[in-house]
Amino acid sequence: MALIQLTLIWVVYAVVLALLFATASIFVYVYQAPRERSAVVSIICIFTLTSLLATVLLLPVDIALVSSTTSSKLGRRKDWATQDRVDNITFTLRIVYYTLYSLDAILCLLVIPFTYFWYEEYDEVATEDGSQTFTSRLWGAFKYTIAFVFLVLIIFLVGFFVPVAKDREGAHYDYGYFKDLLREGHGERALTFSTGLLITIGTLIYIVYTGPGLALLPVAMIKQAPSISAPTLSANTASALEENLERQRQLEGRNEGREGGLPAKDRRELDALVREERTLRRRERLAAEASGEGHNWLVRAWIKTEAVFRPLKLLGGLFLVVVAILVWVSMLLTGIDKAKNSICKTHCGYVLAHVQIFNPLNWIFVKSSKVFPIDYVLFLLLMLFFFSSSVVGLATIGIRFLWLRIFQIRKGHTSPQALLMATVMLTLMALAFNYAIAMLVAPQYSHWGPQTYCNRKLLPGADQPDCSNFKNAIIPCTEKSRTDAARAVCTSSVMGSFLDRISVNFSFFGVVDFWAQFGFLVFILTLFRTPHMGMFQLEQDAEEDEEEGLLASTGRRFGATWQDITGRAKKQPSGSGPRLVDNEEEERMPAVQ
């Protein structure tokens, strides 16, 4: 029975891995520019995103495995769960975690930079005339990657030799849980330091991008339904463009051969028509993209599916607003709890697994974890919410250095270089919100799950205390548990212990990561004012905003949804077609010289 249970848990994880691979593939395929697709870049991005999501979503498996060794109703270990079996489970999990964390670090710090330089080294002309070979391109990419190799070596060497916390007085390290955290070899210490550094860097990025994204994603879903369908837009645009070109021909024909050129009135009208033509052609291109023209059947099927579920986006957006508020409240309550009740404060990075202030999300996860995989489904949805929010934050803010935009992340318009940079940032942010979920959103769940122990004395002849008739003596496992009964039953999750080991051994990382969460909470509520840029950048942004927001107005949404599903435009009465470019838009456009 135990073997079947453990096997099913790993099978569920394998199914989730398949879903993660599909999610990563869709993200890369949707955001990458079709004209600049690179097979190498796509494979590396998909593999990296799958790896980082697999690392984060191993936590529910970790909790399910260690919790399967105990009975939360009786507060005792199951008969089959000998100490050797439990040690084997945690050892297997530790190997998987260390492998995934090491893989994430190598992909983030070595493989992606090499792929970036590999793509930059490509010269189409040089390749065609034979002056650039595979070897020369490989060496060119490797030259620039050497700096990152030295960076990785320096990080691991610092982690290997840097001193850690040892037997501090007055910091409550007499608890057995903390003593166990201090026991590790130099190799584990190097990995712990490296991961702690990446989490801290990721936390700073996660504040800037995931925080605003968490607030913007629900609003974007609520406002995303179009007022005019793509087929109708295409038909109306084609009709208006034909009328526009005909009127231009009339003006030019009427004034052909006239000395002095066009009269002032006709010149103003012709300038307005030229501006309107430019806008109509831009909208014609947008309508074609929205209809899936020029794309394969997969993209067209995705567009139809989005149209089918578009009416549900309003309800989904409202639901995500509630979830975002719940996450915000849970993190705030746990942050206050840790700042007030952590037993060692700054000495251990505010470690506190057993919350003393009620946390709604933590309570939901602890209760649902008693029936696997309900907690896994909830955790997967929460993680995808954080991941999607990070993507929305990246798409909204862009990859910037201060106020200068380096790369822009847009559906179907993201260059391979921008996609690689976004993958690195998403990797770091995933490590950061993994810390946030484990340490603030649901700390009790992330460390102990539903585990409990019987807080009674051991009766003569019994191997474990009996609380069958003393339900009040069954209490949750915590890091403060010092009794032999607790140590014999409670097993912390490998992820929880690993994150606590970072905070305890390198308290600087723990303190920075903890207080940065309050910055994250503030960023969710902050309204941003973008810096002023040059006129060219403003005009370019206005054009992109027009294209992205053209189908995002309110009203007549359900009729547009049905037309997008069927692919047919609604017939307009003669003479009643809408004018697609209004006077205000014409005034905003610069005159054609």
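Residues numbered from 1 in each chain as written. Predicted model: local features only at pLDDT ≥ 70, side-chain atom pairs only at ≥ 80, totals over all residues. Heavy atoms only, no water.

Undergrad: Explain the overall build of the protein chain to me, using residue names and the numbers behind them.
TA: Broken down by element type, the protein chain carries 21 helices and 6 strands. A burial count over the protein chain gives 49% of its 593 residues as buried. Contacts in the protein chain between residues far apart in sequence, at least 24 positions, make up 81% of those at least 6 positions apart. By element, 64% of the accessible surface of the protein chain is carried by carbon and sulfur atoms, the whole surface being about 29600 Å². (Helix = DSSP H or I, 4+ residues; strand = E, 2+ residues; numbered from the N terminus. Buried < 20%, exposed > 50% of the residue type's maximum accessible area, 1.4 Å probe, protein only. Contact = heavy atoms within 4.5 Å. Areas by Shrake-Rupley, 256 points an atom, 1.4 Å probe, with all protein chains shown as cover.)

Undergrad: Outline a nonpolar patch on the surface, supporting the account with residue identities and numerical values.
TA: Side chains of V149, F150, L153, I154, L157, V158, F160 and F161 sit close together on the surface and give an oily, nonpolar patch of about 750 Å² of accessible area. Structurally, V158 can be placed in helix 6 (residues 134-161). Under the relative-accessibility criterion, V158 is labelled partly exposed at 37%. (Patch = residues over 30% accessible without salt bridge, like charges linked within 9 Å, V, L, I, M, F, W, Y side chains within 5 Å. Salt bridge = Lys/Arg side-chain N within 4 Å of Asp/Glu carboxyl O.)

Undergrad: Tell me what's going on with the confidence of the model for the protein chain, and back it up with residues and numbers.
TA: Across the protein chain, the average pLDDT comes to 78, with 78% of residues at 70 or higher. Contacts for the low-pLDDT stretch residues 527-542, under 50 throughout, to residues beyond four places or in other chains number 8 contacts. In the predicted structure, residues 545-562 sits below a pLDDT of 50 and forms 41 contacts with residues beyond four places in sequence or in another chain. (pLDDT = per-residue confidence, 0-100.)

Undergrad: Which residues make up the packing of helix 3 (residues 59-67) against helix 13 (residues 374-397), and what are the values?
TA: The N-to-C vectors of helix 3 and helix 13 enclose an angle of 160 degrees; their axes lie 9 Å apart at closest approach. Considered as vectors, helix 3 and helix 13 are oriented roughly antiparallel to each other. Note that helix 3 runs across helix 13; the crossing there is right-handed. Listed contacts from helix 13 to L59, P60 and V61 of helix 3 are D375, Y376 and F379. Here the residues of the contact of helix 3 with helix 13 sort into 5 nonpolar, no polar and 1 charged. (Axes fitted to C-alpha atoms, helices over the stretch in contact; angles between N-to-C directions. Parallel < 35°, antiparallel > 145°, perpendicular 65-115°, else oblique. Left-handed = near helix turned anticlockwise from the far one by under 90°. Nonpolar A, V, L, I, M, F, W, Y, C, P; charged D, E, K, R; others polar.)

Undergrad: How would you summarise the pairing of strand 4 (residues 404-407) if you had to cite specific residues and measurements?
TA: Bridge analysis of strand 3 (residues 399-401) against strand 4 gives 3 bridges, and the strand direction is antiparallel. Paired with R400 across the two strands is R405, which belongs to strand 4. Remark: 2 residues form the turn of the hairpin made by strand 3 and strand 4, two consecutive strands paired antiparallel; L402 in that turn has positive phi of roughly 55 degrees. (Pairing = 2+ DSSP bridges.)

Undergrad: Report on a positive patch on the surface, specifying residues and quantitative values.
TA: On the surface, K73, K367, K370 and K471 cluster together to form a positively charged patch. Among the secondary structure elements, K73 is positioned in the loop between strand 1 (70-71) and strand 2 (76-77). (Lys, Arg positive; Asp, Glu negative; His and termini not counted. Charge placed at Lys NZ, Arg CZ, Asp CG, Glu CD.)

Undergrad: Tell me about helix 17 (residues 494-505), and please be specific about residues and values.
TA: The end-to-end C-alpha separation of helix 17 is 16 Å, in line with the 16 Å expected for 12 residues at 1.5 Å each. Counting buried residues in helix 17 gives 12 out of 12 residues, a clear majority hidden from the surface. Listed in full, the buried residues belonging to helix 17 are V494, M495, G496, S497, F498, L499, D500, R501, I502, S503, V504 and N505. (Expected span 1.5 Å × (residues − 1).)

Undergrad: Lay out empty space enclosed by the protein in plain terms, naming residues and giving numbers.
TA: Using the criterion set out here, one finds 1 cavity of 30 Å³ or more in the structure. Of the volumes computed, that of the largest cavity is approximately 30 Å³. Taken together, G196, I199, Y435, L499, I502, S503 and D513 form the lining of the largest cavity. The set of elements that each furnish at least two residues to the lining of the largest cavity consists of helix 8 (186-222) and helix 17. Looking at side-chain class alone, the lining of the largest cavity contains 4 nonpolar, 2 polar and 1 charged residues. (1 Å grid on protein atoms, 1.4 Å probe; cavity = no way out; pocket = protein on both sides within 12 Å on 5 of 7 lines; lining within 4 Å. Points joined across faces, edges and corners; volume = space filled by probe spheres on them.)

Undergrad: Let's hear about the nonpolar core: which residues, and what values?
TA: Membership of the largest hydrophobic core comes to 110 residues, with the highest contact counts inside it found for Y206, M331, F379, L394, M429 and F520. It is helix 14 (residues 416-441) that contributes the most residues to this core, 20 residues altogether. Aside from chain neighbours lying at most four places away, what touches M331 is Y206, A436, L440, V441, Q517, F520 and L521. In this structure, W448, C477, V489 and C490 belong to the second largest nonpolar core, which totals 6 residues. (Core = buried A, V, L, I, M, F, W, Y, C linked by side-chain atoms within 4.5 Å.)

Undergrad: Give a detailed account of the pattern of salt bridges, specifying residues and quantitative values.
TA: Following the criterion strictly, the structure yields 4 salt bridges and no others. A salt bridge links R247 to E269; the shortest N-O distance between them is 2.8 Å. You can see R247 sitting in helix 9 (residues 230-254) and its partner E269 sitting in helix 10 (residues 264-291), a full 22 residues away along the chain. Among the salt bridges present, the one from R281 reaches E277, with a minimum N-O distance of 3.0 Å. Here the residue R281 and the residue E277 both occupy positions in helix 10, the gap between them amounting to 4 residues, near one helical turn. Looking at R281, the relative accessible area reads 39%, which means it is partly exposed.

Undergrad: Any chance you could break down the packing of helix 2 (residues 39-56) against helix 14 for me, citing the residues and the numbers?
TA: Following both chains from N to C, one finds helix 2 and helix 14 inclined at 5 degrees, their axes separated by 10 Å at the closest point. Between helix 2 and helix 14, the crossing angle belongs to the class labelled roughly parallel. Where helix 2 abuts helix 14, its residues V41, C45, T48, L49, L52 and V56 lie against P416, L419, L420, T423, L426, T427, A430 and N434.

Undergrad: Describe a negative patch on the surface, with residues and values.
TA: A surface patch of negative charge is lined by D123, E124, E128 and D129. Residue placement: E124 occurs in helix 5 (residues 124-128). Classification of E124 as partly exposed rests on a relative accessible area of 48%.

Undergrad: Hey, could you go over the state of the cysteines for me, with residue numbers and the actual values?
TA: The full count for this structure, using the stated rule, is 2 disulfides. Put simply, C454 and C467 are joined by a disulfide, and their sulfur atoms are 1.8 Å apart. Between C454 and C467 the sulfur-sulfur dihedral comes to about 80 degrees; the bridge is accordingly right-handed. Within this pair, whereas C454 is found in strand 5 (residues 452-454), its partner C467 is found in the loop between strand 5 and strand 6 (474-476), the two being separated by 13 residues in sequence. Across the pair, C467 and C454 agree in class, each one buried. Two residues share a disulfide in this structure: C477 and C490, whose sulfurs sit 1.9 Å from each other. Taking the sign of the torsion about the S-S bond as the criterion, the disulfide between C477 and C490, at about -80 degrees, is left-handed. Of this pair, C477 sits in the loop between strand 6 and helix 16 (484-489) while C490 sits in the loop between helix 16 and helix 17, and the two are 13 residues apart along the sequence. With respect to class, C477 is no different from C490; both count as buried. (Disulfide = S-S within 2.5 Å.)

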